[in-house]
Amino acid sequence: MERTAKKPRARRLRLSSVANALRLAKSFSEAEPEMGISALAARLGLAKSTVHRLATTLVEYDMLEQNAETGKYRLGLALFELGTLVRRKMDVMNEAQAQIHALADATGETLQLAILDHQSVLYIRIRESRLAVRMSTGLGSRAPAHCTSVGKVLLAYQPAEVVERVIEAGLPRFTDNTITDPARLREELAGVRLRGYAIDDEEIEVGLRCIAAPIRDHSGSVVAAISVAAPVQRMTKKAVQSTVLPVTAAAEAISRRLGYLPSLARARALAE
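Since this is a predicted model, take the numbers as computed values, not measurements.

Caption draft 1: Representation of the overall build of the protein. When helices and strands are counted, the protein shows nine helices and eight strands. In the protein, the proportion of contacts linking residues at least 24 apart, taken out of those at least 6 apart, comes to 55%. When the accessible surface of the protein is split by element, carbon and sulfur atoms take 55% of a total near 15,500 Å².

Caption draft 2: Region of interest: the pairing of strand β7 (residues 208-216). Within β7, eight of the nine residues are buried, which leaves the element mostly enclosed by the surrounding structure. Here strand β6 (residues 198-201) runs beside β7; their pairing, made up of four bridges, is antiparallel. Looking at the pairing, D201 lines up with R209 of β7. Joining the antiparallel neighbours β6 and β7 is a turn of six residues, in which E202 adopts a positive phi near 55°. In the sheet, β7 pairs with strand β8 (residues 222-231) via nine bridges, with the strands oriented antiparallel. Bridge pairing in β8 places I215 opposite A224.

Caption draft 3: Here's a closer look at the layout of surface pockets. Its boundaries defined by the atoms lining it, the second largest pocket holds a volume of some 220 Å³. Secondary structure elements with two or more residues in the lining of the second largest pocket: β7 and α8 (237-257). Among the elements that make up the lining of the second largest pocket, the one with the highest residue count is α8 (five residues).

Caption draft 4: The sheet that holds β7, seen in detail. In space, the six strands of this open sheet follow the order β5-β4-β3-β8-β7-β6, with antiparallel pairing throughout. The sheet is open, and its two edges are formed by β5 (142-144) and β6, each paired on a single side. Within the sheet, the average angular offset between the axes of one strand and its neighbour, ignoring direction, is 30°. Judged from the three bridges that link them, strand β4 (residues 120-127) and β5 form a sheet pairing that is antiparallel. Paired with S120 across the bridge in β5 is P144. Its contacts with the sheet put helix α5 (residues 149-156) on β3 (110-117), β4, β6, β7 and β8, and the angle it makes with β8 is roughly 155°.

Caption draft 5: The side chain of Q112, seen in detail. Residue position: Q112 is located in strand β3. Overall, Q112 belongs to the buried group, its relative accessible area being 2%. Within the structure, the side chain of Q112 is placed 2.8 Å from the side chain of S227, a separation counted as a polar contact.

Caption draft 6: Focus on the environment of E65. Tracing the backbone through its elements, the reader meets E65 in strand β1 (residues 64-66). Accessibility expressed as a relative area gives 27% for E65, which makes it partly exposed. Considered as a pair, E65 and A78 are 13 residues apart in the sequence and their alpha carbons are 9.8 Å apart. Residue contacts for E65: discarding those within four places in its chain leaves V59, K72, Y73, R74, L75, G76 and L77.

Caption draft 7: Highlighting the pattern of salt bridges. This structure, assessed with the given rule, holds twelve salt bridges. Residue R74 pairs with E65 through a salt bridge whose shortest N-O separation is 3.1 Å. In this structure, D201 and K237 form a salt bridge, with 3.9 Å as the shortest nitrogen-oxygen distance. With D201 in strand β6 and K237 in helix α8, this pair connects stretches of sequence that are 36 residues apart. On the accessibility criterion, D201 (22% relative accessible area) is partly exposed. What emerges from the salt-bridge pattern is a single network uniting K152, E188, R195 and E203.

Rules and cut-offs
Residues numbered from 1 in each chain as written. Predicted model: local features only at pLDDT ≥ 70, side-chain atom pairs only at ≥ 80, totals over all residues. Heavy atoms only, no water. Helix = DSSP H or I, 4+ residues; strand = E, 2+ residues; numbered from the N terminus. Contact = heavy atoms within 4.5 Å. Areas by Shrake-Rupley, 256 points an atom, 1.4 Å probe, with all protein chains shown as cover. Buried < 20%, exposed > 50% of the residue type's maximum accessible area, 1.4 Å probe, protein only. Pairing = 2+ DSSP bridges. 1 Å grid on protein atoms, 1.4 Å probe; cavity = no way out; pocket = protein on both sides within 12 Å on 5 of 7 lines; lining within 4 Å. Points joined across faces, edges and corners; volume = space filled by probe spheres on them. Axes fitted to C-alpha atoms, helices over the stretch in contact; angles between N-to-C directions. Polar contact = N/O pair within 3.5 Å; in protein donor to acceptor, adjacent residues only side chain to side chain. Salt bridge = Lys/Arg side-chain N within 4 Å of Asp/Glu carboxyl O.

As structure tokens, this is what we get:
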């Protein structure tokens, strides 16, 4: 009975530490962008030693920064990066809404909106086909990047080191068409950049084809991908070619809504 009693207590202690770390981070405001250990301890009702340990841990993970001159703490860049990621995801979902509905109505097939997150594909918006036989993916689910159309589009525009990390993590085979050779994957991604779209030809699941195109933000960076997915019985090789234009057009329309201007992006690239 002692062991049973200790486990919930340990769990409460772990959750308490997380809660206190979150409370500490939320103590900062525009009025008080920097605070010292004493002020934070008083605000949180915790011992200075506890607050110091929490602050030290948060600094280690870039959640907080310490002012070298005053010794006070302020919010770190990691929180800014996380906030930017959330804002970017929300912007993409909001601006893609109309195009997703229009493309779904035009094709009758399943529409997917995805981002690259921790070297895998994260589906942030799904509109399933109303047809009885259809491709189905759960909202918030993940998929490998190397064998999905959205994944290949997203990888194609990432820095080389990101692609190499995906390769180093392994390229598992799902079907006979899955690309598992690193050199062939790099070649495929170069082709995606050249064409401006990617095709998943039964690479993650037998009987499924998908076409995806990149979505860019105001800076020209590829931040998401949109795809049409359907069973091969309907998404024939001929149907793939006729679907490419609507998918790329939808991606371009969403990109414009995010502030992307091709001429401005080219000017920025030349300036760099």
